[in-house]
Amino acid sequence: MKILGIFLIIQGVWSSNLTVVYQSQCAFKGTSVTIPCSYSHPPGHRVLLVTWYRGEPLPGGWTGYPFINSHSMKGHFQYQSDTSGSCTLKINRLLDSDQAGYFVILKTDDDAFTAPYITLTVQDPGITAVVPTVVVERDMVSLICKSKCIGSPPANMVVWSRDGKAVASPTFRAGLDDAGSYQCAWEGLQSNTVTLEVQYLPRNTTVWVEPQGELLKGNSVNLTCSSAANPPIHNYTWWWYSGTAPPPASSMLDLIGTGQVLHLASLVTSQTGYYLCQATNTLGESNSSALLQIEGTTLGREFVFILSGVGVTVFVALTVLVCLWSRKQQKTKENQHSMATRSPSGRSLNSSTNPDPDSMYANVHISSLPSRSLTPPQVLDDVHTHDLAQGGEIAYSTLGNFGGTRPENPGDTKQQPFQPTEAGDAAGHSVIYSSVAEAT
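Along each chain, the written sequence defines residue order, and numbers are assigned to residues from 1. It should be noted that, the model being predicted, local features are given only for residues of pLDDT at least 70 and side-chain atom pairs only at 80 or more, the latter also being counted only at that level, while totals for whole chains, interfaces and linings use all residues. With hydrogens and water excluded, all non-hydrogen atoms of the structure serve as input to the side-chain values.

(A) Layout of the environment of Ala 27. Helix and strand definitions here come from DSSP, where helices need a minimum of 4 consecutive H or I residues and strands a minimum of 2 consecutive E residues; each element is numbered from the N-terminal end. When you line up the elements, Ala 27 lands in strand β3 (residues 25-28). Classification of residues uses two cut-offs on accessible area relative to the type maximum, computed with a 1.4 Å probe and protein chains only: under 20% is buried, over 50% is exposed, and between them is partly exposed. A residue is classified by how much of its surface remains accessible, and Ala 27, at 0% relative accessible area, is buried.

The structure is reproduced here in structure tokens:
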């Protein structure tokens, strides 16, 4: 049983010694309400009967009917007191029809007295969350839960939540995380939902430079300013300071444009400097800056690229030419070496023999003939004739100078007879030797 509200206390006075005190009430439909009531009377008198009446005021008096008294204790209405000074009334399971005016009549041993009326208001169950809808960051916030009947329930009995999560305290200093939807709950009742918005100054202001990297004279660049704010940014202002060091004072900045994007076309070196963006909303402003360093012309850079390309091309061409020349020289040396090591008949010389300028080398292979050694030239001629007659094949091999007579005409061996000696003739003439082997 809970008393859900207390309105104006009405005290009825019929004489200087007789009073009745009770209170108007507000309660939720479906709940029970108790209306405390007390009375006093002068000494020597006795209260015999206390009766509750229900009715409504009329001009010049009241119209009503009795519905319960000190002798009736059951039913929708319950009289909970006696005739010793208490006249409390309890109403169970309130109905809309229970909303009305009520008054008490006391009957004493010598008279009857009527007390002024009170009212009972019946409301649908409900509580209301009272939350400021808009606050500024760092402002103090107080959350209030109200009932239609009793105003504000005790704070320690109310449970608050934000977006479904418990709130530690109904009083706090607003931060960005405190924005959200709030509800309060009390005695099993859930309030409506109220959204809290937290506004703040611009923050996280940043200047973006596109394209990034080296900035060359004659090129263009875009500077974009971004900032988080609530309320949103309503103005972007651009300022400029010449030089590569930060400006010593804001008074030295030059206003150069407005808008979120600053476009700089056909850059020149004199535009080198600090570019500052100022983001502003209704609460204040925030700044951010970027340093632009404008370098030489784009033509100079392209010229460097052209020279680099030409240099690479020349280097590759020279490398190819050197390789081709080296290969040509290598082939020339190989050809010369091959020709130097071949006999007049085209056969290769034996490189293992002593390179005496007076020596000649050949390999001779004679088919269908027995082996011969140290054959004189005239014998060679006979053999040659014989082999030709036999259809044989002659191959020449080593012809060495071993100390005999050298013919004046090397191609004609018949004109100069061979005079062999063991170590050559007395005149030191060379001796021509040959080896003939039968080819198998």
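Right, picking up where we left off after that structure.
(B) Fine view of the pairing of strand β13 (residues 127-130). The alternating pattern of β13 places Ile 127 and Ala 129 on a buried face, while none of Thr 128 and Val 130, on the opposite face, is buried. Two strands are counted as paired when DSSP detects at least two bridges linking them. Across 4 bridges, β13 lies against strand β16 (residues 144-147) in antiparallel orientation. Bridged to Ala 129 within β16 is Cys 145.

(C) Fine view of unusual backbone geometry. A cis amide bond links Glu 210 with the next residue in sequence, Pro 211, at an omega value of 0 degrees. Mapping Pro 211 onto the fold places it in the loop between β22 (194-210) and β23 (215-217). Despite not being glycine, Glu 187 shows a phi value in the positive range, around 50 degrees. Tracing the chain through its elements places Glu 187 in the loop between β20 (180-186) and β21 (189-190).

(D) Broad picture of the environment of Met 252. Here Met 252 is to be found in the loop between β25 (235-242) and β26 (254-258). Accessibility expressed as a relative area gives 41% for Met 252, which makes it partly exposed. Linking Met 252 and Ser 242, residues 10 residues apart in sequence, is a C-alpha distance of 9.2 Å. In what follows, residue pairs with any heavy atoms lying within 4.5 Å of each other are defined as contacts. Aside from chain neighbours lying at most four places away, what touches Met 252 is Trp 240 and Tyr 241.

(E) Up close: the state of the cysteines. Here, a disulfide means two cysteine sulfur atoms that sit within 2.5 Å of each other. This model, assessed by the stated rule, comprises 4 disulfides. There is a disulfide in this structure between Cys 26 and Cys 149, and the S-S distance comes to 2.1 Å. Note on the Cys 26 and Cys 149 pair: the S-S dihedral is about -55 degrees, so by sign convention the disulfide is left-handed. Of this pair, Cys 26 sits in strand β3 while Cys 149 sits in the loop between β16 and β17 (159-162), and the two are 123 residues apart along the sequence. With respect to burial, Cys 26 and Cys 149 carry one shared label: buried. Disulfide partner of Cys 37: Cys 87, at an S-S distance of 1.7 Å. Disulfide Cys 37 to Cys 87: torsion about the S-S bond roughly -75 degrees, handedness left-handed. Residue Cys 37 is located in strand β5 (residues 37-40), and its partner Cys 87 is located in the loop between β8 (77-79) and β9 (89-91); the two are separated by 50 residues in the primary sequence. Cys 87 gets classed as buried once you look at its relative accessible area, which sits at 0%. Shown here for the protein is a disulfide pattern of 1-5, 2-3, 4-6, 7-8, where each number marks a bonded cysteine counted in sequence order.

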